[in-house]
Amino acid sequence: MSQILLDPTSELQAQARAVLPRLTSLQDKTIGLLDINKPRGKELLDRIQFRFEELGVNVRRYAKPTMTRVAPLETKQQIASECDAVIEALAD
Amino acid sequence: MDLESRGIPGGYILTEEFRQADIAQSKALGFEAAKVFVEHPIQDRSDAEMHDIADRAFDAVVGLILAEQAETE
Amino acid sequence: MTIHFELILKRDCPTCAMLEPVVAAMQDAGLALDIYSQDDPEFPESAASVIDDRNLEKSWREDIETVPTLIRRNEHGDTERTEGWVQDDWRRLTELEHLGADLPAFRPGCGSLSVGPGMAETLALRFGEIQLKARKLEIGEQEDELEACFERGWSDGLPVVPPTEIRVVRMLAGTNRAADEVLGLVPPDLQPCTIEKAAINAVMAGCKPEYFPVVIAALEAALVDTFCMHGLLATTWFSGPMIVVNGPITGAIGMNSGGNALGQGNRANATIGRALQLIIRNVGGGRPGEVDRSTLGNPGKYTFCFAENEADSCWESLMEERGIEAGKSAVTLFAADGVQGMADQKSRDPDSLCRSFASSLLSVGHSKFAMLGDAFVIMSPEHQRTFREAGWSKQQFKDRVLELTTRPGSELIAGMDGNTEGMPEFVKDMDLPKFKRGGLNVEHAGGTAGMFSAIISGWLASGEMGSSPVTKEIEP
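None of these values were measured; they are calculated from a predicted model. (Residues numbered from 1 in each chain as written. Chains lettered and ligands numbered in written order. Predicted model: local features only at pLDDT ≥ 70, side-chain atom pairs only at ≥ 80, totals over all residues.)

**A word on the overall build of chain A**
Selection criterion: Numbering of helices and strands runs from the N terminus, with a helix taken as a DSSP run of H or I at least four residues long and a strand as a DSSP run of E at least two residues long. Throughout, the radius of gyration refers to the C-alpha atoms, and the reference size of a globule is 2.2 Å times the residue count to the power 0.38. Burial in this document is a count-based property: other C-beta atoms within 10 Å of a residue's C-beta are tallied, and the residue is buried at 20 or more, exposed at 12 or fewer, or partly exposed in between, with C-beta positions derived from the backbone. Note on contacts: residues are paired as contacts if their backbone-placed C-beta atoms lie within 7 Å.
Looking only at helices and strands, one finds two helices and four strands in chain A. Going from N to C terminus, chain A has its helices and strands arranged as β-β-α-β-α-β. What you see for chain A is a C-alpha radius of gyration of 17 Å, clearly larger than the 12 Å of a compact globule of 92 residues, by over 25%. For chain A, the spread of C-alpha atoms along the three principal axes comes to 45 × 35 × 20 Å. In chain A, which comprises 92 residues, the proportion classed as buried is 33%. Considering only contacts in chain A between residues 6 or more positions apart, those separated by 24 or more positions represent 74%.

**Some remarks on the packing of helix H8 (residues 195-205) of chain C against helix H9 (residues 212-222) of chain C**
All names here are of chain C. Where we set the bar: Interaxial angles span 0 to 180 degrees and are taken between N-to-C directions of axes, which are lines fitted to C-alpha atoms, for helices over the stretch in contact. Crossing handedness: left-handed means the near helix sits turned counterclockwise from the far one by under a right angle, and right-handed means the same turn made clockwise. Charged residues are taken to be Asp, Glu, Lys and Arg, nonpolar residues to be Ala, Val, Leu, Ile, Met, Phe, Trp, Tyr, Cys and Pro, and polar residues to be all remaining types, Gly included.
It is at 10 Å that the axes of H8 and H9 come closest, and there the two elements cross at 115°. Classified by chirality, the crossing of H9 by H8 is right-handed. Every residue of H9 that contacts H8 at Ile195, Ala198, Ala199 and Ala202 is listed here: Phe212, Val215, Ile216 and Leu219. Of the residues assigned to the contact of H8 with H9, the class counts are eight nonpolar, no polar and no charged.

**Re the interface of chain A and chain B**
The interface of chain A with chain B comprises 33 residues on the first partner and 37 residues on the second. Those elements that place two or more of their residues in the side of chain A that touches chain B are helix H1 (41-54), helix H2 (73-82) and strand S4 (85-91) of chain A. For the side of chain A that touches chain B, the element with the highest residue contribution is S4(A), accounting for seven residues. Across the side of chain A that touches chain B, the residue classes tally to 22 nonpolar, two polar and nine charged.

**Some words on the interface of chain B and chain C**
A common way to state how big an interface is: give the accessible area lost once the parts meet. Taken together, the contact pairs five residues of chain B with seven residues of chain C. In the side of chain B that touches chain C, the residues fall into two nonpolar, two polar and one charged.

**Considerations on the nonpolar core**
One recurring pattern in soluble globular proteins: nonpolar side chains tend to sit buried together. We count it as follows: Any set of buried Ala, Val, Leu, Ile, Met, Phe, Trp, Tyr and Cys residues joined through C-beta atoms within 7 Å is what this text calls a nonpolar core.
Core analysis: the biggest nonpolar cluster contains 100 residues, and Val215(C), Ala218(C), Leu219(C), Ile243(C) and Val331(C) have the highest contact counts within it. For this core, the element with the most residues is H9(C), which contributes nine residues. If sequence neighbours within four positions are ignored, Ile243(C) has contacts with Ala218(C), Ile272(C), Gly273(C), Leu276(C), Phe304(C), Cys305(C), Val331(C) and Leu333(C). Grouped together as the second largest cluster of nonpolar side chains are 32 residues, Leu44(A), Ile79(A), Ala85(A) and Ile8(B) included.

**A look at the environment of Ala454(C)**
Residue and element names in this part refer to chain C. For Ala454, the location among the structural elements is in strand S20 (residues 452-458). With 97 residues separating them along the chain, Ala454 and Phe357 place their C-alpha atoms 9.6 Å apart. Contacts of Ala454, omitting those with residues within four sequence positions, involve Leu262, Val339, Gln340, Gly341, Met342 and Ile378.

**Concerning the confidence of the model for chain B**
Residues and elements named next belong to chain B. To keep it simple, the criterion reads: Confidence of the prediction at every residue is given by pLDDT, a number between 0 and 100.
Averaged over all residues, the pLDDT of chain B equals 82, while 89% of them reach at least 70. The secondary structure element of chain B with the lowest average pLDDT is helix H1 (residues 19-29), at 77, and the one with the highest is helix H2 (residues 47-65), at 92. The ipTM, which scores confidence in the relative placement of chains, is 0.85 for this predicted complex, and the corresponding pTM is 0.83.

**Quick notes on the sheet that holds strand S1 (residues 4-9) of chain C**
Residue and element names in this part refer to chain C. Worth spelling out the cut-off: DSSP-based pairing: two strands are paired if at least 2 bridges between them are found.
Pairing is mixed across the open sheet formed by five strands, whose spatial order is S3-S2-S1-S5-S6. The sheet is open, and its two edges are formed by strand S3 (51-52) and strand S6 (79-83), each paired on a single side. One ladder, built from two bridges, connects strand S2 (residues 33-37) with S3; its direction is parallel. Of the residues in S3, the one forming a bridge with Ser37 is Asp52. Strand contacts of helix H4 (residues 87-94): strand S5 (69-73) and S6, with the helix running at about 155° to S6, the strand carrying the most contacts.

Structure (structure tokens):
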């Protein structure tokens, strides 16, 4: 059963948990592309990588060992320390 | 996999097939991640078709991680 | 029909179960009788019909404490009631002379389900007696509620107690003040903070409801203009609000004014200070890296709250000095940095000990600064003993320390001693006290062993240019 909590804030923010601010520029940024290992995800990300690199953006590739499990902690920590933003594909 | 809680903005690319599942998942997790939907099915697509799908989605993919007012150049 | 009866009972009560023949007899006599069962609408089996009160609404509305309770209403709406089985009372109320003839004359009842632990708040919420105004946020089914609080940015970095409605209602019971009363505008966003919002944050901080009046007073003090909470939050300096609590409430809620008073381990000390910080964070929107620009901060910005040991002090309390009469309770807020230790294990006369305090106090902010940051001395029992034995008053102590910390401006000006930092040139012919009038405060706390006291230095922007200590009486 879901639980109800009372908002401790001034309620100026939207009700949903806010996403982080997006990047203001791609200049000198490193984008992580995480392949969760579903069929054709690799080919899709290959092309996305190519397009980012055309813009001069650094791209790092990561892969989950299997699509059925959450990414290992090491992968999360690695992405968090190496990247400015991350894109996951093909997610479900 | 929620790297947002580690301070890394991000988003997902997923196929239309999973739109309903995503709505349910977002509700259960109490968090609406940034995402781009691409057509379904894709398992049987050729590499050229995959490039095409990626190219068409690319602007939206950039939008997952870049603030609206920012320049891509 | 002018006389009407209501009977509230539950199957899980031997006295209620014993009343099956009594219920039958009342029905046979043609009495107008409504029967409410708290746990099983099939009970009592002798009843022609039973009203299901498993949600306990009837029991709650009638303030039922014991089952069985028999209520008699007459044509004017006057009621009389009897609890448990008291044969004489039941016969008098029902006017049935032989009622329960086979039963013992007396059998006590059982506790009503509506008065179990925590039920009062649950039922008050369920039936609309209490209406909370705060936005209700639904936590996802797969979310851990502790993690959910972190994810939503409500935490200072440590786990918070998830603010459920029940917990907030219990917190509100800790004060006589109305939930919708606005305590003021909390900086930096200048958002109104109601008693209810304060209660939500007090829950998250881990407060007991009995601490809540102290939290309220602390917030009121923080919102007094002269405390300058907005500037204090935004400064690059270390400071945050320190709360000293005085008066009988400190004993009543078990605050620590003894050993490790400034440290960890006491729930009241820890959570009252934290509640104030969470209100500033959540209601005011004051978060590190945003409006909070502190270069280094200090661990007291999680929580910094303790009590004065008044009982063993030979001096008037901080609160009394600041105009609150003995017997009352109050908080005093100070824009504080961290704790600086001051050791003197040799002085046996007050003047020598004053010199130790004075030389240590000179380092507040910068040893070449004068009349900038204020300071609190938290004097330990073993240090205060020296002054007690010599018959010194608190004022004598302060006067002597101020005298000893007054220096010629020429020694302090920028560039002196090969040090570019310092006071402006124009003070070079003046004598400069280290502290402004009222800038040195003293209170008594700490363990009985240790000839060590604490110096708590304050925000460089003190007094009119920044923050002054503020004292606020604690109201129930």
